[in-house]
Amino acid sequence: MATKTIMCPTCKHQLTIEGKPGERKYITCDNCNTRGVFTFPIYKPVAKAETGPSAIEVKNLTKRYKDLTAVDNLSFNVKKGEIYGLLGPNGAGKSTTIKAILDLIKIDTGAIKINGFDIKQNGVEAKNSVGYLPERIAFYNNLTPIQTMNFFCELWGVDKSIAKSLIKEVGLEEATNRKVGTFSKGMVQLLGVAQVQIGNPPVFILDEPMGGLDARWVKAIRERIIALNEKGATILFSSHILSEVEAVCDRVAIINKGKLIAEDTIENLNKYLKIKPRLEITIPGLNGKIPDVIKGIAGIEAIDVKKDTIFVTCESSVRSKVITTLEGAGYKIDNIKTVEPSLEEAFVKLISAKEGA
Amino acid sequence: MLGVNPKKIYIIAKKEFMDNIRSKWILLISVIFIILTIVSAYVAGGSTDEVFGGVEATVVSLMSIYVVLIPLIAIMLGFSTIAGEAEAGSLSVVLSYPIKRVEVLLGKFLGLGSVLAVTPIIGFGFSGLVIVAVIGAEEGLAFLAFIALAIVLGLIYLSLIMCISALAKTRVRAIAGGVALFFWSMIYGMIVMALYIGTGGDIQGFVTGQVVYPEWLFATTVVSPGDLNSMAVMKAFGINQAMGVSVEPPGWMTMPFLLIIQLLWIIIPLFLAYYFFKKRDI
């Protein structure tokens, strides 16, 4: 649980709130009743990501399917102990990259190392340190979760006694005696999360682990990823759910059409792209009309309006001027919210910049 | 293929056995198999004073069942084992573990082969026990050879379907390959016979039951595992009649020769399966 002191943008009253990392908290100012939303940050120190030895090294990876180049000369390093996001739209080459890392597909060129072991030369040693959760996971319909886990424990060479506790940990203990063939997609995914932890590997590769799941399962899996990382594991995590990558990852590689577009921390990506926070001001009775008084304020990059809410993109120093100008002109502000730039915005901007180049 | 870990092969084999032995389809077809076997043994005894027929009569009667049902069970067991599991995602999880593809393939072959062996062991074993009880232990022992040959036939088709499954890009294509394999096996004998008649074969001899087949006709069985297996069974039990027509194989078609060719039918497709599986993108 984290504690944060924030200032009400309307009356400057200070509020102290509590929440978990990543939690969205709805707040009402004790003083002026202004309502807003605050998301507790879960970013980790950048230093952790940028130093230390690599857990996964990908160098000049290229994979072609006939005329299609799925991955094009891709290189990146995942440092030990970080959560590294592989982000891109469907068909960007994320799953192909992950499969290449695990030697599940034959590559045209490139070199891949896991914990220093070349996946081609020392495949067994390299895989000894990896837990993998594929995008589309399936187990064996006629086996129970315990039998499934026992099988993977044997394959890993660890004591089968951990199977039960892992099943319990992911919340499947009530389904222990059911055949996996009767499980819902979310339950199979959770069994996958239990399976991936067998042998306590130092590196986890998770391909779209929350894809197609409802909010309940997404939350459970996100918490598990964070817990694994807190125990010191390195996690390579691919997704097209931008908010999930944003909430969980230390660094992100953005790929599109098999090529690396950008690689950095989320904060740095946003800085690099100069995407500014957006001010959302709700004034009852606006009806889609932008007040003339703020149109001439210097420093405003963009103004938009939707029904009773104005969206202003500007530097933080300009925000208070916008608010006071509106109040001075007699507008009764109902709510003010500052929305930080999302990865989605960075993603769209990066891709369009690359395509335009 | 060197440097395999037998323990890992065993782990995969055990999992395959546990998963597939509970398959409803396999269970259903095995029950049908067992019922037909008992009925055949009973019918074979119809021409004698005994309730159940002796080994030879029972074998002739059972042969027509197992050359159809055993390949069918093998194909049902194996078509999905690589193509289907790759498509579903379970194979990528297994291959992300510290295990070699050759170990996975051999484990699958042994595990599915064990499931396949259960059906004739139970089905024919029951008939064998009845024969032992009614006729005597000596004939019952001979029946063990029959069970072994039935398992060999199953392993041949398992090896073939695993090769198809390793090559097929999708589960649907693997099913199509399995169906084609099954029907080809069923019609091969008819095609050869049509060739024989079409090239001036002795039609009259079929009526009298006294056909002297040319040597090339026997040679064609080498490329037909079902016929090859039937020849081995006939040879093992000294049966020289099939569907009322006397069959006298040439001298070179000895029992060791028939066994070696059947062994090659297991090894070569399995080796090809490994080749395709190793090259395959999962």
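Residues numbered from 1 in each chain as written. Chains lettered and ligands numbered in written order. Predicted model: local features only at pLDDT ≥ 70, side-chain atom pairs only at ≥ 80, totals over all residues. Heavy atoms only, no water.

## What to know about the overall build of chain B
Part 1: In terms of helices and strands, chain B carries 12 helices and two strands.
Part 2: Counting across all 282 residues of chain B, residues that qualify as buried make up 51%.
Part 3: Sequence separation of at least 24 residues holds for 77% of the intrachain contacts in chain B that already meet a minimum separation of 6.
Part 4: Surface exposure of chain B reaches about 12700 Å², of which carbon and sulfur atoms provide 73%. (Helix = DSSP H or I, 4+ residues; strand = E, 2+ residues; numbered from the N terminus. Buried < 20%, exposed > 50% of the residue type's maximum accessible area, 1.4 Å probe, protein only. Contact = heavy atoms within 4.5 Å. Areas by Shrake-Rupley, 256 points an atom, 1.4 Å probe, with all protein chains shown as cover.)

## Brief notes about the interface of chain B and chain A
By convention, interface size is frequently given as the accessible area that disappears when the constituent parts associate.
Part 1: Counting residues at the interface gives 29 residues for chain B and 32 residues for chain A.
Part 2: When the two sides are added together, the surface that chain B and chain A hide from each other amounts to roughly 2700 Å², 59% of it contributed by carbon and sulfur.
Part 3: In this assembly, chain B and chain A are joined by two salt bridges.
Part 4: A salt bridge links Lys-63 of chain A to Asp-281 of chain B; its shortest N-O distance comes to 2.8 Å.
Part 5: Ranked by residues supplied to the side of chain B that touches chain A, first place goes to helix 1 (residues 6–20) of chain B with seven residues. (Buried area = accessible area lost by both parts, 1.4 Å probe. Salt bridge = Lys/Arg side-chain N within 4 Å of Asp/Glu carboxyl O.)

## A closer look at a nonpolar patch on the surface
Part 1: Together, Trp-184, Ile-187, Met-190, Ile-191, Leu-195 and Trp-216 of chain B line one region of the surface with nonpolar side chains, adding up to about 590 Å² of accessible area.
Part 2: Top contributing element to the nonpolar patch by residue count: helix 8 (residues 171–198) of chain B, with five residues. (Patch = residues over 30% accessible without salt bridge, like charges linked within 9 Å, V, L, I, M, F, W, Y side chains within 5 Å.)

## Section: the confidence of the model for chain B
Residues and elements named next belong to chain B.
Part 1: Mean pLDDT over chain B works out to 85, with 90% of the residues at or above the 70 mark.
Part 2: At the low end of the mean pLDDT range in chain B sits strand 2 (residues 245–246), at 66; at the high end sits helix 12 (residues 255–279), at 96.
Part 3: Across the interface, the model reports ipTM at 0.83; the global pTM reads 0.78. (pLDDT = per-residue confidence, 0-100.)

## Some details on a positive patch on the surface
Part 1: Residues Lys-66 of chain A together with Lys-169, Arg-173 and Lys-279 of chain B make up a contiguous surface patch of positive charge.
Part 2: Along the chain, Lys-279 of chain B turns up in helix 12. (Lys, Arg positive; Asp, Glu negative; His and termini not counted. Charge placed at Lys NZ, Arg CZ, Asp CG, Glu CD.)

## Points about the packing of helix 6 (residues 185–196) of chain A against helix 7 (residues 215–230) of chain A
Residues and elements named next belong to chain A.
Part 1: Two numbers describe how helix 6 lies on helix 7: the axes approach to 11 Å, and their chain directions differ by 5 degrees. Looking at the two axes, helix 6 sits roughly parallel to helix 7. The residues of helix 7 that touch helix 6, namely those facing Gly-186, Met-187, Gln-189, Leu-190 and Val-193, are Trp-217, Ala-220, Ile-221 and Arg-224. (Axes fitted to C-alpha atoms, helices over the stretch in contact; angles between N-to-C directions. Parallel < 35°, antiparallel > 145°, perpendicular 65-115°, else oblique.)

## A few points about the pairing of strand 5 (residues 54–65) of chain A
Residues and elements named next belong to chain A.
Part 1: With eight bridges connecting them, strand 5 and strand 6 (residues 68–79) associate as antiparallel partners. Counterpart to Glu-57 in the pairing with strand 6 is Asn-77.
Part 2: Note: strand 5 against strand 8 (residues 109–114), five bridges, orientation antiparallel. By the bridge assignment, Ile-56 is partnered in strand 8 with Ile-114. (Pairing = 2+ DSSP bridges.)

## Regarding helix 1 of chain B
All names here are of chain B.
Part 1: In this model helix 1 runs 21 Å from its N-terminal to its C-terminal C-alpha over 15 residues, within 8% of the 21 Å that 1.5 Å per residue would give.
Part 2: Buried residues of helix 1: Lys-8, Ile-9, Ile-11, Ile-12, Ala-13, Lys-15, Glu-16, Asp-19 and Asn-20, and no others.
Part 3: Sitting at the amino-terminal end of helix 1 is Asn-5, which places a side-chain oxygen 3.0 Å from the backbone nitrogen of Lys-7. (Expected span 1.5 Å × (residues − 1). Polar contact = N/O pair within 3.5 Å; in protein donor to acceptor, adjacent residues only side chain to side chain.)

## Concerning the sheet that holds strand 14 (residues 259–265) of chain A
Where strands meet in a sheet, backbone hydrogen bonds hold them as pairs that are either parallel or antiparallel.
Residue and element names in this part refer to chain A.
Part 1: The sheet built from six strands is open, its strands ordered 10-11-12-7-13-14 with mixed pairing. Unpaired on one side and paired on the other, strand 10 (130–133) and strand 14 mark the two borders of the sheet. The mean angle between the axes of side-by-side strands here comes to 15 degrees, regardless of whether they run parallel or antiparallel.
Part 2: Both strand 7 (residues 83–87) and strand 12 (residues 234–239) contribute to a ladder of five bridges, which runs parallel. Its bridge partner being in strand 12, Tyr-84 is matched across the sheet by Leu-236.
Part 3: Across the sheet, helix 7 lies against strand 7, strand 11 (203–207) and strand 12, angled at about 155 degrees from strand 12, the strand it touches most.

## Section: the side chain of Lys-63 of chain A
Part 1: Relative to the assigned elements, Lys-63 of chain A resides in strand 5.
Part 2: Separated by 2.6 Å, the side chain of Lys-63 of chain A and the backbone oxygen of Lys-106 of chain A make a polar contact.
Part 3: Those residues in contact with Lys-63 of chain A that sit more than four places away from it in its chain are Leu-68, Thr-69, Ala-70, Val-71, Thr-96, Ile-105, Lys-106, Ile-107 and Asp-108 of chain A together with Asp-281 of chain B.

## Some points on the pattern of salt bridges
Part 1: For the structure shown, the criterion picks out 17 salt bridges over all chains.
Part 2: The partner of Glu-223 of chain A in a salt bridge is Lys-219 of chain A, with the nearest N and O atoms 3.0 Å apart. With Glu-223 of chain A and Lys-219 of chain A both in helix 7 and four residues apart, the pair spans about one turn of that helix.
Part 3: Glu-223 of chain A gets classed as partly exposed once you look at its relative accessible area, which sits at 39%.
Part 4: The exposure class of Lys-219 of chain A is partly exposed, given its relative accessible area of 43%.
Part 5: In this structure, a network of salt bridges that share partners links the residues Lys-15, Glu-16, Glu-85 and Lys-108 of chain B.

## Focus: the environment of Ile-333 of chain A
Part 1: In this structure, Ile-333 of chain A sits in the loop between helix 11 (316–328) and strand 18 (335–339).
Part 2: If we ignore the near neighbours within four places in the chain, the residues touching Ile-333 of chain A are Ile-281, Thr-282, Ile-283, Ile-323, Leu-326 and Glu-327 of chain A.

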